[in-house]
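Descriptive structure summary
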There are 2 protein chains.
Amino acid sequence: MNTQFKKGVLELCVLAQLSQGDKYGYELTESISEKMTLATGTLYLILKRLKDEGYFETYLVESAGGPARKYYRISEKGRAYYRQMRKEWYEFIAQVDALLKEPENHD
Amino acid sequence: MNTQFKKGVLELCVLAQLSQGDKYGYELTESISEKMTLATGTLYLILKRLKDEGYFETYLVESAGGPARKYYRISEKGRAYYRQMRKEWYEFIAQVDALLKEPENHD
DNA sequence: ATTAACTATTATTTAATACAATATACTAAG
DNA sequence: CTTAGTATATTGTATTAAATAATAGTTAAT
């Protein structure tokens, strides 16, 4: 799949997933991987960045079959950022649509 | 606007515009700028790259009020690439939608 | 012991856009 | 004539996010 399309959008997807409830990094990688190809280490940098900016808090929970899971919980600031970013996303794809669907653009 | 969202998509927009008829670089910048913010020099590198890959041919036409305009004409290869890329784009945004709209994701 | 599955982290590379400067041609204003 | 402004193309550098790939720790199974 087109790697470039994901720029900025993975961040949006992470925010969306965490707005639905706390998740740990590996779990996020798995759930987003169901919808698009995703390299294993990719999400951790996004998570770190968003946490550093105050959009998430984290806590550790012991795991039965591996190292402790680091859960991410979205903050109010994170929710506001998510709403804003989601709005921008939908506006953006509408504009792209307008460019792709201009007249004479048969097929 | 979110710069990252444009990654890969500007290329798609250029292909879409040229699939509707020949245009010169400045003209493309103007028409795409109507839908999204776009720095002045940005498109030229995209145009050069796509031309180098055989998706466009170019020709010069004298201009009344400035340097000669370099027109870009899409090739058959370019049209095929455009169809493929447009397909990937719509599949991609559908997958993103699926992630944003999963249950419990109220607002 | 070894392997495999689960989980986290991080250094390096790659690719596309933003930014900003340069250059050219022409027109209009002073 | 000179200067400013608009139209047009080109290119070097900076920024940023994802891919790649390597490292490492924990537990269970062979």
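Now for a quick tour of the structure.

Calculation rules
Residues numbered from 1 in each chain as written. Chains lettered and ligands numbered in written order. Predicted model: local features only at pLDDT ≥ 70, side-chain atom pairs only at ≥ 80, totals over all residues. Heavy atoms only, no water. Pairing = 2+ DSSP bridges. Helix = DSSP H or I, 4+ residues; strand = E, 2+ residues; numbered from the N terminus. Axes fitted to C-alpha atoms, helices over the stretch in contact; angles between N-to-C directions. Parallel < 35°, antiparallel > 145°, perpendicular 65-115°, else oblique. Contact = heavy atoms within 4.5 Å. Nonpolar A, V, L, I, M, F, W, Y, C, P; charged D, E, K, R; others polar. Salt bridge = Lys/Arg side-chain N within 4 Å of Asp/Glu carboxyl O. Near = heavy atom within 4 Å. Polar contact = N/O pair within 3.5 Å; in protein donor to acceptor, adjacent residues only side chain to side chain. Buried area = accessible area lost by both parts, 1.4 Å probe.

In a beta sheet, neighbouring strands are held together by backbone hydrogen bonds and run either parallel or antiparallel to one another. Residues and elements named next belong to chain B. Strand order in the open sheet made by the three strands is E1-E3-E2, with antiparallel pairing throughout. Both edges of this open sheet fall to strand E1 (23-24) and strand E2 (56-61), since each of them pairs with a single strand only. With two bridges connecting them, E1 and strand E3 (residues 69-74) associate as antiparallel partners. The partner of Tyr24 across the bridge, within E3, is Tyr71.

Think of two packed helices as two axes; the pair is described by the angle between the axes and how far apart they sit. Across the interface, helix H1 (residues 9-18) of chain A lies against helix H4 (residues 76-100) of chain B with an axial gap of 9 Å and an inter-helix angle of 25°. When the axis of H1 of chain A is compared with that of H4 of chain B, the two are roughly parallel. Contact residues: H1 of chain A offers Val9, Leu12, Cys13, Ala16 and Gln17 of chain A, while H4 of chain B offers Phe92, Val96, Leu99 and Leu100 of chain B. Looking at the contact of H1 of chain A with H4 of chain B residue by residue, the classes come out as eight nonpolar, one polar and no charged.

Where side chains of opposite charge bring their charged atoms close, a pairing between them can arise. Taken as a whole, this structure holds twelve salt bridges over all chains when the rule is applied. One network of salt bridges, in which partners are shared, links Asp22, Glu57 and Arg73 of chain B.

Right, let's talk about the protein's contact with DNA strand C for a bit. Taken together, 31 residues form the shell around DNA strand C, and within it Tyr26, Tyr44, Arg69 and Lys70 of chain A together with Lys6 of chain B come nearest. Sugar plus phosphate: this is where 77% of the atoms of DNA strand C within 4 Å of the protein reside. Lys6 of chain B places a polar side-chain atom, nitrogen or oxygen, 2.4 Å from a phosphate oxygen of DNA strand C. Within the side chain of Thr42 of chain B, a nitrogen or oxygen atom sits 3.0 Å from a phosphate oxygen of DNA strand C.

Moving on, we come to the interface of chain B and chain A. A common way to express how large an interface is: the accessible area buried when the components associate. In this complex, chain B contributes 39 residues to the contact, which on the side of chain A involves 39 residues. Where chain B abuts chain A, roughly 3700 Å² becomes buried across the two surfaces, and 62% of that area is made up of carbon and sulfur atoms. The largest contributions to the chain B side of the interface with chain A come from Phe5, Phe92 and Leu99 of chain B, which together make up 21% of the buried area. One can count zero salt bridges joining chain B with chain A. Where chain B touches chain A, the interface holds four residue pairs in polar contact (both at pLDDT 80 or more).

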